[in-house]
Amino acid sequence: MSMQVLKEKKILVAALDWGIGHATRCVPIIRRLQNRGYEVILASNGTAKDFFKNYFPELLIIDKPAYNISYPKNDSMVTAIVRQLPSIIKTIIKEHWWLKKIISEYKINEVISDNCYGLWNKKIHSIFITHQLMVKCPEKIKFLEPVISRIISFFIRRYDECYIPDIAGCINYSGDLSHRKKIPANTKYIGPLSRFSENKSDLETEPFDVVVLLSGPEPQRTIFENKCFKLLKGQNKKCCFIRGLPGNSERKINSEEITWHNHLPDDELKSVLRNAKKIVCRPGYSTIMDLAELKVKALLIPTPGQTEQEYLATHNKENEQFEIISQKKINLKDLIREVNRPAVRMMVPFY
């Protein structure tokens, strides 16, 4: 990946606060900026900010306007976002004016924004990172896809550059989300981003039969955790639950069967995932890039109502690295069958 940044010292890196995925994929970018001697300031909210605090304790981390999207238990995520579109637009405007203040206060020379749509300014160089040039809508609102794509393109054109963390061409990880439509003139593919791409650690941890990698916003993160726990307890399988809660101090009681971690450092997480007989997780795009980098097989269970995850799971199943089960249909028999299925190596190379 070629990061064409200005030679000045202060760069703001901001990540969307929907889970930790947008923050985790910023890690290789932040590392490279640090290696080049730039002063980096981070911005986010919620669990994404907690992740940054754990990962980069030496850096200044500031709060940015939060989107505060409410996530439904059963309804489509896209439908919920469409309903909240006025609030989202309002937050984008707040972001835009917030950045103007931050540029003046911290003497920022450049901003790199992962899916924070309002962080551009004509006075400095701005880069937008996204894997979504379009949004997959449920059938009942499919007609809105072109409208949403035009809105996304409108904001992308405000930035000097847009980076897509994927591979150009027909073999890719994001599929229609960033390849179906012609990309804007200021946009280019930079290859996948994974926090494990430059982690050369050979740390060895105990192997687990099942590693449940939890992620995403509430309430679905907790619903997923509880369902997996209910299915796996008492099954004589050595399991590890990684809860995706870097800022949570709550302690879960470990047993002979199940080990709990709110969060793990990269070297430990890398070892746990590579040594697992089977990984159970959500098919968030950042997770898919991490699993592809590690070349490990996983059982994908899309978040109900998240058409993006449903699409990404189906698209990447063709790599023969992943199997898919619906959260509504999953039962003990299916889960154990998938856990016992032998692991395979990924078919598509990770660039």
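Note that the structure is predicted; figures quoted are calculated from it, not measured.

Student: Would you take a moment to explain the overall build of the chain for this structure?
Tutor: Along its length, the chain carries twelve helices and 13 strands. Whereas a compact globule of 351 residues would reach a radius of gyration of roughly 20 Å, the chain reaches 20 Å, a difference of no more than 12%. In terms of overall dimensions, the chain has a C-alpha envelope of 60 × 45 × 35 Å along the principal axes. Put simply, the chain has 351 residues, and 59% of those count as buried. On the chain, roughly 15,700 Å² of surface is accessible, and the fraction owed to carbon and sulfur atoms is 53%. Across the chain, the mean location of the 54 positive side-chain charges is 5 Å away from that of the 39 negative side-chain charges.

Student: What should I look at first to understand helix H11 (residues 307-317) in this one?
Tutor: The periodicity of an α-helix, 3.6 residues per turn, causes residues three or four places apart in sequence to face the same way. Summarising burial for H11: eight of the eleven residues are buried, a large majority. Within the span of H11, buried status applies to Thr307, Glu308, Gln309, Tyr311, Leu312, Ala313, His315 and Asn316.

Student: Hey, could you run me through the sheet that holds strand E6 (residues 161-164) in this one?
Tutor: Strand pairing in a sheet takes place through backbone hydrogen bonds and is either antiparallel or parallel in direction. Here we have seven strands laid out as an open sheet, ordered E3-E2-E1-E4-E5-E6-E7, and parallel in their pairing. Two strands bound the open sheet, and with one partner strand each, they are strand E3 (60-63) and strand E7 (187-189). If you compare each strand with its neighbour and ignore which way they point, the axes differ by 20 degrees on average. Here three bridges tie E6 to E7, and the two strands are oriented parallel to one another. Residue Ile164 lies in a different strand from E7, and its bridge partner there is Tyr189.

Student: Whenever I open this one, the sheet that holds strand E13 (residues 322-324) confuses me. Can you help?
Tutor: Judged by pairing direction, the sheet is parallel, and its six strands sit side by side in the order E10-E9-E8-E11-E12-E13 without closing on themselves. Each of the sheet's edge strands pairs with one partner strand only, and the pair in question is strand E10 (258-261) and E13. Taking the axes of each pair of neighbouring strands and ignoring which way they run, one obtains an average angle of 20 degrees across the sheet. Across four bridges, the pairing between strand E8 (residues 210-213) and strand E9 (residues 239-242) is parallel.

Student: Honestly, the environment of Phe128 in this entry has me stumped. Any pointers?
Tutor: Summarising the element assignment, Phe128 is placed in strand E5 (residues 125-129). Expressed as a C-alpha distance, the spacing of Phe128 and Gly118, which sit ten residues apart in the sequence, is 9.8 Å. Excluding residues that lie within four positions of it along the chain, Phe128 makes contacts with Ser113, Asn115, Cys116, Tyr117, Ile156, Tyr159, Glu161, Cys162 and Tyr163.

Student: I would appreciate a short explanation of the side chain of Asn121 in the present structure.
Tutor: Positionally, Asn121 belongs in the loop between strand E4 (110-114) and E5. Residue contacts for Asn121: discarding those within four places in its chain leaves Leu99, Lys100 and Ile103.

Student: Sorry, what's going on with the packing of aromatic side chains here?
Tutor: The description of an aromatic ring pair rests on the distance of the ring centres and on the angle between the ring planes. Tallied over the entire structure, the rule returns 13 aromatic pairs. Both rings, one in Trp18 and one in Tyr67, keep their centres 6.1 Å apart while their planes meet at 85 degrees; by these two values the pair is edge-to-face. On the criterion of sequence distance, the pair formed by Trp18 in the loop between strand E1 (10-15) and helix H1 (21-24) and Tyr67 in the loop between E3 and helix H4 (77-83) is long-range, its members being 49 residues apart. Given the relative accessible area of 27%, Trp18 is considered partly exposed. Ring geometry for Phe51 versus Phe52: centroids 6.3 Å apart, planes at 55 degrees, classification tilted.

Student: Is there a simple way to think about a nonpolar patch on the surface in this case?
Tutor: A cluster of nonpolar side chains, Leu85, Ile89, Ile93, Trp97, Val147 and Ile151, forms an exposed patch at the surface whose accessible area comes to about 490 Å². Elements that contribute at least two residues to the nonpolar patch include exactly helix H5 (85-106) and helix H6 (145-156). Counting residues per element, the nonpolar patch draws most heavily on H5, at four residues. As for its position among the elements, Ile151 is in helix H6. Relative accessible area serves as the criterion here: at 30%, Ile151 is assigned to the partly exposed category.

Student: Help me out: how do you make sense of the pairing of E3 in this one?
Tutor: Side-chain direction in a regular strand flips from residue to residue, so the side chains alternate between the two faces of the sheet. Two elements, strand E2 (residues 39-44) and E3, share four bridges in a ladder whose sense is parallel. Note that in E3 the partner of Ser44 across the bridge is Asp63.

Student: Would you mind showing me how to read the pattern of salt bridges here?
Tutor: Summed over all chains, the structure comprises 19 salt bridges. Where Glu218 meets Arg221, a salt bridge forms, and the shortest distance between an N and an O atom there is 2.9 Å. Among the residues examined, Glu218 registers a relative accessible area of 39% and is labelled partly exposed. Between Lys252 and Glu225 there is a salt bridge, and its shortest N-O distance comes to 3.5 Å. With Lys252 in the loop between E9 and E10 and Glu225 in helix H8 (residues 220-232), this residue pair connects regions lying 27 residues apart in the sequence. Lys252 gets classed as partly exposed once you look at its relative accessible area, which sits at 31%.

Student: Please explain the nonpolar core as it appears in this structure.
Tutor: A general feature of soluble globular proteins is that nonpolar side chains tend to end up buried together. Counting 56 residues, the largest nonpolar core has Val13, Ile30, Leu42, Phe52 and Ile279 as its most contacted members. Residue contributions to this core peak at six residues, all from helix H10 (residues 285-294). Core analysis: the next-biggest nonpolar cluster, separate from the first, contains 35 residues, Val111, Tyr117, Ile148 and Phe155 among them.

Student: Please clarify how H5 should be interpreted in this entry.
Tutor: Between the first and last C-alpha of H5 there are 31 Å, a value that for 22 residues agrees with the 32 Å anticipated at 1.5 Å per step. Among the residues of H5, Ile88, Thr91, Ile92, Glu95, Trp98, Leu99, Ile102, Ile103 and Tyr106 are the ones counted as buried. Buried residues of H5 fall within an arc of 140 degrees about the axis and therefore sit on the same side. Away from its buried face, by an angle of more than 90 degrees, H5 presents the exposed residues Pro86, Lys90, Trp97 and Lys101. Looking at the residues trailing H5, positive phi occurs at Lys107, about 55 degrees.

What counts and what doesn't
- Residues numbered from 1 in each chain as written.
- Predicted model: local features only at pLDDT ≥ 70, side-chain atom pairs only at ≥ 80, totals over all residues.
- Heavy atoms only, no water.
- Helix = DSSP H or I, 4+ residues; strand = E, 2+ residues; numbered from the N terminus.
- Rg over C-alpha atoms; globule rule 2.2 N^0.38 Å.
- Buried < 20%, exposed > 50% of the residue type's maximum accessible area, 1.4 Å probe, protein only.
- Areas by Shrake-Rupley, 256 points an atom, 1.4 Å probe, with all protein chains shown as cover.
- Lys, Arg positive; Asp, Glu negative; His and termini not counted.
- Charge placed at Lys NZ, Arg CZ, Asp CG, Glu CD.
- Pairing = 2+ DSSP bridges.
- Axes fitted to C-alpha atoms, helices over the stretch in contact; angles between N-to-C directions.
- Contact = heavy atoms within 4.5 Å.
- Phe/Tyr/Trp six-rings, centres within 6.5 Å; stacked < 30°, edge-to-face > 60°.
- Patch = residues over 30% accessible without salt bridge, like charges linked within 9 Å, V, L, I, M, F, W, Y side chains within 5 Å.
- Salt bridge = Lys/Arg side-chain N within 4 Å of Asp/Glu carboxyl O.
- Core = buried A, V, L, I, M, F, W, Y, C linked by side-chain atoms within 4.5 Å.
- Expected span 1.5 Å × (residues − 1).
- Arc of directions from axis to C-beta.

All we've got here are geometric facts, nothing functional implied.
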